[in-house]
Amino acid sequence: MDKPSGEFLQLCFVVDDLERELEHWTRTLRVGPFFHLPHFPLLEAQYRGRRIAPDLDIALAFAGTTCIELLRQNDDTPSPFRAHVQARGFGFQHTAVTTGAFDDTLREREKSGMSVVGSATVGLGGRVAYLETTSSLGTLLELIEITPPVEQFFGMIRAAAESWDGTDPVRRLAF
């Protein structure tokens, strides 16, 4: 994946019409291919201290070394994504950094004044935490635990982007 721990990996956009956005990103912006993961599983998900189970569709692609995430929430479950839409509308919602030492990095971020607004374990087993950084970054900061399966997954998406010829712009995956 070529992203050392702590580097920015991803930009996430919360969208209302995933299909329209996929069309725009692939045809107009020439970013792709996107890997669409409908009903993306978040295990042990929490938002502001409460257990949640939002129904999310995500699509991931690389533009150079940056992962682009398009996320649509299909229900009204309280979540960091729903809160963003309610406060600011659709659009750029978070940026993500990676870590191989999740617990240590999370403690360091919390000591620096960032508070956790949400957390989960993703289907590949890695953990994520959403940190409140809107006053400094204007957005949330997602901390992504890079485990071998997570690194392999992002590596596969990046490799597909590096050799993409514009065909098969959206590829459906399931967990």
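For the structure, see preceding data.
This section reports on the structure supplied with the text. Keep in mind that this is a model prediction, so the values were computed, not measured.

### Observations concerning the packing of aromatic side chains
Here the structure, examined in full by the defined rule, presents six aromatic pairs. Between F13 and W25 the ring centres are 5.4 Å apart and the planes differ by 50°, which places this aromatic pair in the tilted class. With F13 in strand β1 (residues 8-14) and W25 in helix α1 (residues 18-28), the pair connects residues that are twelve residues apart, well separated along the chain. Residues F13 and F92 carry aromatic rings whose centres are separated by 5.6 Å and whose planes lie at 50° to one another, so their mutual orientation is tilted. Taken as a pair, F13 in strand β1 and F92 in strand β7 (residues 91-99) lie far apart in primary sequence, 79 residues in all.

### Observations regarding the nonpolar core
Judged by nonpolar contacts, the single largest core of 33 residues is most densely connected at L42, L60, F62, L71, I144 and F154. Non-local contacts of F62, meaning those with residues more than four positions away in its chain, are made with L9, V31, G32, C67, F154, I157, R158 and A161. If you look at the next biggest cluster of nonpolar residues, it comprises ten residues, including L18, L22, A59 and A61.

Rules behind the numbers
Residues numbered from 1 in each chain as written. Predicted model: local features only at pLDDT ≥ 70, side-chain atom pairs only at ≥ 80, totals over all residues. Heavy atoms only, no water. Phe/Tyr/Trp six-rings, centres within 6.5 Å; stacked < 30°, edge-to-face > 60°. Helix = DSSP H or I, 4+ residues; strand = E, 2+ residues; numbered from the N terminus. Core = buried A, V, L, I, M, F, W, Y, C linked by side-chain atoms within 4.5 Å. Buried < 20%, exposed > 50% of the residue type's maximum accessible area, 1.4 Å probe, protein only. Contact = heavy atoms within 4.5 Å.

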